[in-house]
Amino acid sequence: MPDIDLALLAQQNAEILEELRARRREVAELKEQSGRTLDFERRNDPRRPNSLTQR
């Protein structure tokens, strides 16, 4: 069985987890931004009746 450097694996795991957390934060921010953009576009769409845009 080959020698396994547990300290190195633990460090790599910690780095991967931090990167994953950062990506998840980015995805959440992008989802939030896209939702606001969609709402803005819907409210300002001239094809929609005014009654739907006034909430």
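See the structure printed just above.
One structure accompanies this document, and this report is about it.

Cut-offs used in this document
- Residues numbered from 1 in each chain as written.
- Predicted model: local features only at pLDDT ≥ 70, side-chain atom pairs only at ≥ 80, totals over all residues.
- Heavy atoms only, no water.
- Helix = DSSP H or I, 4+ residues; strand = E, 2+ residues; numbered from the N terminus.
- Buried < 20%, exposed > 50% of the residue type's maximum accessible area, 1.4 Å probe, protein only.
- Areas by Shrake-Rupley, 256 points an atom, 1.4 Å probe, with all protein chains shown as cover.
- Patch = residues over 30% accessible without salt bridge, like charges linked within 9 Å, V, L, I, M, F, W, Y side chains within 5 Å.
- Salt bridge = Lys/Arg side-chain N within 4 Å of Asp/Glu carboxyl O.
- Expected span 1.5 Å × (residues − 1).
- Polar contact = N/O pair within 3.5 Å; in protein donor to acceptor, adjacent residues only side chain to side chain.

It is worth spelling out the overall build of the chain at this point. In terms of helices and strands, the chain carries two helices and zero strands. Out of the 55 residues in the chain, the part that is buried amounts to 4%. Per element, the accessible surface of the chain, about 5400 Å² overall, is 55% carbon and sulfur.

A contiguous nonpolar patch, built from Ile 4, Leu 6 and Leu 9 and spanning about 310 Å² of accessible area, is present on the exposed surface. Residue position: Ile 4 is located in the segment before helix H1 (6-43).

A word on the pattern of salt bridges. Scanning the entire structure with this criterion turns up four salt bridges. A salt bridge links Arg 25 to Glu 18, with the shortest nitrogen-to-oxygen separation between them at 3.5 Å. Classification of Glu 18 as partly exposed rests on a relative accessible area of 40%. The shortest N-O distance in the salt bridge between Arg 23 and Glu 26 comes to 3.3 Å. One end of the pair, Arg 23, and the other, Glu 26, are both in helix H1, three residues apart, so they sit about a helical turn from each other. The class of Arg 23 is partly exposed, set by a relative accessible area of 44%. Three or more residues joined by partner-sharing salt bridges are found here, namely Glu 18, Arg 21 and Arg 25.

Looking now at H1. Taking 1.5 Å per residue, 38 residues should reach 56 Å; H1 reaches 55 Å between its end C-alpha atoms and fits that length. Where H1 starts, the residue carrying a side-chain oxygen 3.2 Å from the main-chain nitrogen of Ala 7 turns out to be Asp 5.

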